[in-house]
Amino acid sequence: MLKRRNTEMTKQQDLNKPTHKEIAAWGAAAWGACAVVAVALLVRVICAVETREVPTIWHLVGDAAGYCRWAGEIAGGAWIGTEPFYQAPLYPYVLAVCFKVFGQGVWTIRAVQAVWGATACGLIYMGTRRLFGRRAGVIAGMMLALYAPAIFFEGIVQKASL
């Protein structure tokens, strides 16, 4: 009886282990996501280099200046603030965390937004691949990686990049 029970437990454990085919599929998916993220990041870096001398990128005005000022206050310890929110507060709080971790500056914001935009391309690839197959995943991930409005908004200080 005990030997039979041990054999049943071993069979159950074997059912829970991934097969070599499943491991290979996950490896292929991970490489595909890495490729999509790499292309997306490359495009965003090229955009950042090409727009480095555009005055409105480095000299913040309007909402961008307000977000940076607000994020600086939050990073300085004013987490709650003294006035009601006049805009959605998520973006300044995310910027404040980025300022605390990576330091203040427009370059910091652009770099972090490029990374999370490229990561979004990889996530789109993974989700679409799971639902519709590898080809559809590559197409969807690359569409977002090369989508000009997404690249533009990830390169400026605006909440649209979230």
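Rules used throughout
- Residues numbered from 1 in each chain as written.
- Predicted model: local features only at pLDDT ≥ 70, side-chain atom pairs only at ≥ 80, totals over all residues.
- Heavy atoms only, no water.
- Helix = DSSP H or I, 4+ residues; strand = E, 2+ residues; numbered from the N terminus.
- Buried < 20%, exposed > 50% of the residue type's maximum accessible area, 1.4 Å probe, protein only.
- Contact = heavy atoms within 4.5 Å.
- Areas by Shrake-Rupley, 256 points an atom, 1.4 Å probe, with all protein chains shown as cover.
- Polar contact = N/O pair within 3.5 Å; in protein donor to acceptor, adjacent residues only side chain to side chain.
- Salt bridge = Lys/Arg side-chain N within 4 Å of Asp/Glu carboxyl O.
- Patch = residues over 30% accessible without salt bridge, like charges linked within 9 Å, V, L, I, M, F, W, Y side chains within 5 Å.
- Phe/Tyr/Trp six-rings, centres within 6.5 Å; stacked < 30°, edge-to-face > 60°.

Peer 1: An account of the overall build of the chain is needed here, citing residue identities and associated values.
Peer 2: Each helix and strand counted, the chain has 8 helices and 0 strands in total. Secondary structure elements in the chain, listed N-terminal to C-terminal, are α-α-α-α-α-α-α-α. For the chain, buried positions account for 30% of its 162 residues. The contacts in the chain between residues at least 6 apart in sequence include a share of 67% that link residues at least 24 apart. Surface exposure of the chain reaches about 10900 Å², of which carbon and sulfur atoms provide 68%.

Peer 1: How would you explain the side chain of Arg-44 if you had to name every residue and give the values?
Peer 2: Among the secondary structure elements, Arg-44 is positioned in helix α2 (residues 20-50). Among the residues examined, Arg-44 registers a relative accessible area of 4% and is labelled buried. A polar atom in the side chain of Arg-44 sits 2.9 Å from the backbone oxygen of Ala-145. Apart from residues lying up to four places away in sequence, Arg-44 is in contact with Ala-114, Gly-117, Ala-118, Cys-121, Leu-144, Ala-145, Ala-150, Ile-151 and Glu-154.

Peer 1: Which residues make up the pattern of salt bridges, and what values do they have?
Peer 2: Should the charged atoms of two oppositely charged side chains come close, the side chains can pair. Tallying each qualifying case throughout the model produces 2 salt bridges. In this structure, Glu-154 and Arg-44 form a salt bridge, with 2.4 Å as the shortest nitrogen-oxygen distance. Of this pair, Glu-154 sits in helix α8 (residues 148-154) while Arg-44 sits in helix α2, and the two are 110 residues apart along the sequence. The closest approach of N and O atoms between Arg-69 and Glu-73, which form a salt bridge, is 3.2 Å. Linking Arg-69 with Glu-73, this pair stays in helix α4 (residues 62-75), spanning 4 residues, or about one helical turn.

Peer 1: Provide a residue-level description of a nonpolar patch on the surface, including the pertinent values.
Peer 2: Side chains of Trp-79, Ile-80, Val-97, Val-101 and Phe-102 sit close together on the surface and give an oily, nonpolar patch of about 580 Å² of accessible area. With respect to the helices and strands, Trp-79 occurs in the loop between α4 and α5 (90-102). The partly exposed category is assigned to Trp-79, whose relative accessible area is 43%.

Peer 1: Quick one: what's the story with the packing of aromatic side chains, residue by residue and with numbers?
Peer 2: Under the defined criterion, the tally for this structure stands at 3 aromatic pairs. Considering the side-chain rings of Tyr-67 and Tyr-91, the 5.1 Å spacing of their centres and the 80° angle between planes classify their relative orientation as edge-to-face. Of this pair, Tyr-67 sits in helix α4 while Tyr-91 sits in helix α5, placing them 24 residues apart in sequence. Accessibility classification places Tyr-67 together with Tyr-91 in one group, the buried group. Ring centres of Phe-152 and Phe-153 lie 5.1 Å apart, and the angle between their planes is 75°; this geometry places the pair in the edge-to-face category. Relative accessible area serves as the criterion here: at 35%, Phe-153 is assigned to the partly exposed category.

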